Amino acid sequence: RELVGSLAPEGEKGGLHSIRTGASTLHNYETLSGLRFAMYTTNDVGGADASSGSRRSSAAVESNLSVKSALKHIYTELWVESVIKSPLYRPGEMSTVGQSSSGSGGGDAFDIRSTNFEKKLDAFLQSMSWFR
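Sequence order as written defines residue numbering, which begins from 1 separately in each chain. It should be noted that, the model being predicted, local features are given only for residues of pLDDT at least 70 and side-chain atom pairs only at 80 or more, the latter also being counted only at that level, while totals for whole chains, interfaces and linings use all residues. Working from all heavy atoms in the structure, the side-chain values ignore hydrogens and water.

Peer 1: Which residues make up the overall build of the chain, and what are the values?
Peer 2: To qualify as a helix, a DSSP run of H or I must reach at least 4 residues; to qualify as a strand, a run of E must reach at least 2; elements of each kind are numbered from the N terminus. The number of helices and strands found in the chain is three helices and three strands. Ordered by position from N to C terminus, the α and β elements of the chain give α-β-β-β-α-α. Residues counted as buried form 29% of the 132 residues belonging to the chain. Taking as baseline every contact in the chain between residues at least 6 positions apart, the subset at least 24 positions apart corresponds to 43%. Carbon together with sulfur atoms contributes 53% to the accessible area of the chain, which is approximately 9200 Å² in total. Per-residue accessibility, obtained with a 1.4 Å probe over protein chains only, is compared with the maximum for each type, and a residue is labelled buried under 20%, exposed over 50%, and partly exposed between these values. Residue contacts are defined here by distance: any two heavy atoms, one from each residue, within 4.5 Å place the two residues in contact. Computed by Shrake-Rupley with a 1.4 Å probe, the accessible areas treat only the displayed protein chains as cover when residues are assessed.

Peer 1: Residues and numbers for the pattern of salt bridges, please.
Peer 2: The salt bridge criterion pairs a side-chain nitrogen of Lys or Arg with a carboxyl oxygen of Asp or Glu, the two atoms within 4 Å. On inspection of all chains with the given rule, the structure shows two salt bridges. Close ionic contact of Glu-30 with Arg-36 constitutes a salt bridge, the shortest N to O distance being 3.5 Å. In this structure, Glu-81 engages Lys-85 in a salt bridge whose closest nitrogen and oxygen atoms are separated by 2.9 Å. Among the residues examined, Lys-85 registers a relative accessible area of 53% and is labelled exposed.

Peer 1: Tell me about the pairing of strand 2 (residues 24–30), and please be specific about residues and values.
Peer 2: The side chains of a regular strand alternate between the sheet's two faces. Two strands are said to pair when DSSP picks up at least two bridges between them. Sheet topology places strand 1 (residues 18–20) next to strand 2; three bridges connect them, and they run antiparallel. Within strand 2, the position partnered with Arg-20 by the bridge is Thr-25. Between strand 1 and strand 2, which follow one another and run antiparallel, lie three residues. Examined bridge by bridge, strand 2 and strand 3 (residues 36–42) share seven bridges and lie antiparallel to one another. Along strand 3, the bridge assignment pairs Leu-26 with Tyr-40. The turn linking strand 2 back onto strand 3 is made up of five residues, and Gly-34 within it adopts a positive phi angle of 95 degrees.

Peer 1: Give me the lowdown on helix 3 (residues 117–126), citing residues and values where you can.
Peer 2: At 3.6 residues per turn, the α-helix brings residues three or four places apart onto the same side. Of the positions making up helix 3, those classed as buried are Phe-117, Phe-124 and Leu-125. The arc that holds every buried residue of helix 3, seen down its axis, measures 95 degrees, which confines them to one face. Along helix 3, exposed side chains directed more than 90 degrees from the buried face belong to Lys-119 and Gln-126. In this context, the arc is that of the directions from the helix axis out to the C-beta atoms.

Peer 1: Now, about the packing of aromatic side chains: what can you tell me, with residues and values included?
Peer 2: A pair of Phe, Tyr and Trp rings is counted when the ring centres sit within 6.5 Å of each other, with Trp represented by its six-membered ring. The angle between the planes then sorts it: under 30 degrees is stacked, over 60 is edge-to-face, the rest tilted. Throughout the structure, instances matching the rule amount to four aromatic pairs. An angle of 45 degrees between the planes, with centres 6.3 Å apart, marks the rings of Tyr-29 and Tyr-75 as tilted. One end of the pair, Tyr-29, is in strand 2; the other, Tyr-75, is in helix 2 (residues 58–84), with 46 residues separating them in the sequence. With a relative accessible area of 17%, Tyr-29 lands in the buried category. Here Phe-37 and Trp-79 contribute two aromatic rings whose centre-to-centre distance is 5.9 Å and whose plane-to-plane angle is 75 degrees, an arrangement assigned as edge-to-face.

Peer 1: Describe the sheet that holds strand 1, with residues and values.
Peer 2: With respect to topology, three strands assemble into an open sheet ordered 1-2-3, the strand pairing being antiparallel. Bordering the open sheet on either side are strand 1 and strand 3, each of which pairs with just one other strand. Across the sheet, the axes of successive neighbouring strands diverge by a mean angle of 15 degrees, strand direction being ignored. Helix axes are fitted only over the stretch in contact, all axes being lines through C-alpha atoms; the angle between N-to-C directions runs from 0 to 180 degrees.

Peer 1: How would you sum up the side chain of Asn-43? Please name residues and give values.
Peer 2: Locating Asn-43 in the fold gives a position in the loop between strand 3 and helix 2. In this structure the side chain of Asn-43 is engaged in a polar contact, spanning 2.7 Å, whose partner is the side chain of Thr-25. Whenever two N or O atoms come within 3.5 Å, that pair is a polar contact, provided that in protein one can donate a hydrogen and the other can accept it, and provided that, for residues adjacent in sequence, both atoms are side-chain atoms.

Peer 1: Can you tell me about the environment of Ser-24, naming the residues and giving the values?
Peer 2: Assignment of secondary structure puts Ser-24 in strand 2. For the pair Ser-24 and Val-45, spaced 21 residues apart in sequence, the C-alpha to C-alpha distance is 8.9 Å.

Quick look at the structure:
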């Protein structure tokens with residue numbers, strides 16, 4: 001965060017929104033609570049226009065905005081509605097893939113598979129024109 005903040009233009013809030021490499025672009029959305037949502041895409045989705053060097057085409061900028069808004073939608077409409085509002089959810093008590101639901105703390109960890117988040121996420125991404 002310190003590095004990203006030091007590289008941000010003066011007067012603008014520092015934040016990492018995307019990183020473009022030769023093969024792909026990593027898009028990032030960070031919530032106020034520090035939760036991060038990231039998505040890898042090909043460079044033609046939100047990447048720089050090859051014919052204009054480092055300048056972005058209007059289609060590339062539009063794609064980048066659509067990926068950014070998609071990540072925000074995933075958080076606000078899918079994650080919050082499916083996971084955070086679940087009566088089973090307890091902050092800090094989420095199991096990960098391959099982890100048993102009974103942790104060393106004695107309590108049962110929240111399993112995201114008990115929500116329909118993954119189904120909603122898959123349906124949402126399938127509806128995006130840039131998702132293959």
